[in-house]
Amino acid sequence: MNTATIRPPHNHSTARGLTLISARALHQLDEHGTAWNCLTEKSEQGLPMSSYAWTRSHLEHFVGPETNWIVLFAYEGDVLVGVLPLLLSRDLRHFGRVVAKALSSDHTICGDMSVLPGRERECFEFFLGCIDRELPGVIDIEFPYITDGSPTYQLSTDSWPSHNTFARDWGQCGWLPCEGGFSNYHLQLDRELKKNLRRLTKRLADAGRVSVSIVSSADAEPSHFQRFVRLEHSGWKGNRGTSICSSGLTLSFYRVLTSRLQDLGWLEWHFMEIDGKDIAAQLAVRTGSTLCLVKTAFDENYRRFAPGKLLFEQTLKRAFEAPEIERVNCLGYGELYRSWNLSTRRFVEVHFISKGIVGALFRHFPLHLKTIRRGNNDSQSNQQVSGE
C-alpha cells in the first residue's frame, strides 16, 4: 500500500459558523485532549475508542511514520463540536486514488466521529466540505467497523449531493439498557440459564472462598494490569498469539491506554477470585453513562464453573444498581453473551464515496475484493473482543 502524499491542510478555516483546526502530529493533539475526552463522554454512544486517550494511544503504537493521518476538529467559538480522525492512503485497489479511513484494528473497533448530540449532520457536512477543499483527491471516506447506532451510520442513510453512500454488515454487538432493575431483568432470562447459574454458583462456592471485586480508577494499581494480562495470556488467547502479552507493541499500547483511562477516572478492573486466585477478569471502561466491556479473561482450569459467565452476571447486577450507569456495551456478541437476552446492534462498514466516474467504478469493484479479504477476519476479531 502506498502512502498518500497530500497537500497539507490549512491549520484554520471557517465555514457554516464552525472553525476547522487540523492536526497531523501527535503533539498537536494534546491541546484538544481535555475537550475531546469531554465530548466523548457527552456523545450518545459513549465509546472510549473515539476519545483522545484511545486515539492518541492507537496512533502512537499502530500507525507508523510512513502513514499519513489527520485529525479534524470542528469548533464553534471555544466549544468543540466534533472530531474526525482519519488515516490517508493510496492503493491500486482504489485506482491509485486517496482513501480516508477511520481508525480500526483488533484493538480499536468502532473508530468513529465524535460529535455533540444534535449537531451530527451539521458537523459531518462541515467535515465533508473541509475534506473536499483541504484534501483534494480523497475518493472514499471509510468507517470500517461501527455500529448501526452510530450517528455516522444514520447519516449514511441520508442523501448527500457530493457523495454516494454504501454500507455492509459485519456482525452483531450485544448491549443492555439498565432499566427497570436487575430483578425484573433477571425474571426475563431463560429458565435454563438461571438454573445453570444457580448450579454453577453453588459448585464454585463449594470449591472454595469466592470473591468479586470492582476496582475503580481511584484504587487501580499497576498490579491490577499485571493480574489481568497474566490471566488472559494463560488461556486460549495466549496459545493463539492474540493475548495482550503476545506482542510487546500490544502490551505497551494497553499499558499506556489504561494509564490514560485511569487518569480520566474511566478505567475499571473486575476480578473473580477463589481462595485468592484470579479465575475471571474484565477490563472495562465507563464513559459517561456507558460501561464498555473491552477485554475478558478466565482461567481454563476452572472452565467447568464458567467463571466468565458468573462474573458477567455480577457485572450486570452491579450496573443495574449503579445510578450513573445507563447501559452496558459488550462490544461483541460472542458465545459468552448470546443467552443473556441482550439487545443487539449491527456492526457495519460505511463508505462515503465521491460522485463521478471513478467513484462509480470504485463503488462496485474494490469493495467486493475487500469482502473476500476480510471475510474470515470478522469472526476472529469479534470473538477476541467478546471474551469467553
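*Asks:* Report on the pattern of salt bridges, specifying residues and quantitative values.
*Replies:* Enumeration according to the criterion identifies 19 salt bridges in this entry. One salt bridge connects aspartate 206 with lysine 202, and the closest N-O pair in it is separated by 3.1 Å. With aspartate 206 and lysine 202 both in helix H7 (residues 191–207) and 4 residues apart, this pair spans about one turn of that helix. For aspartate 206, a relative accessible area of 58% puts it in the exposed group.

*Asks:* Describe empty space enclosed by the protein, naming the residues involved and giving the relevant values.
*Replies:* For the coordinates displayed, the defined rule picks out 4 cavities of 30 Å³ or more. Considered as a void within the structure, the largest cavity measures approximately 90 Å³ in volume. For the largest cavity, the full set of lining residues is Ser43, Glu44, Gln45, Leu47, Ser50, Met113, Ser114, Val115, Pro117, Glu120 and Pro151. Within the lining of the largest cavity, the residues separate by chemical class into 5 nonpolar, 4 polar and 2 charged.

*Asks:* Before we move on, can you summarise the environment of threonine 242 with the specific residues and values?
*Replies:* Tracing the chain through its elements places threonine 242 in the loop between helix H9 (236–240) and helix H10 (248–264). According to the relative accessible area criterion, threonine 242 is buried, its value standing at 15%. Distance from threonine 242 to glutamate 232, taken between C-alpha atoms, is 9.6 Å for residues 10 residues apart in sequence.

So, how was this worked out
- Residues numbered from 1 in each chain as written.
- Predicted model: local features only at pLDDT ≥ 70, side-chain atom pairs only at ≥ 80, totals over all residues.
- Heavy atoms only, no water.
- Salt bridge = Lys/Arg side-chain N within 4 Å of Asp/Glu carboxyl O.
- Helix = DSSP H or I, 4+ residues; strand = E, 2+ residues; numbered from the N terminus.
- Buried < 20%, exposed > 50% of the residue type's maximum accessible area, 1.4 Å probe, protein only.
- 1 Å grid on protein atoms, 1.4 Å probe; cavity = no way out; pocket = protein on both sides within 12 Å on 5 of 7 lines; lining within 4 Å.
- Points joined across faces, edges and corners; volume = space filled by probe spheres on them.
- Nonpolar A, V, L, I, M, F, W, Y, C, P; charged D, E, K, R; others polar.

Read these as layout, nothing more, since geometry by itself doesn't imply function.
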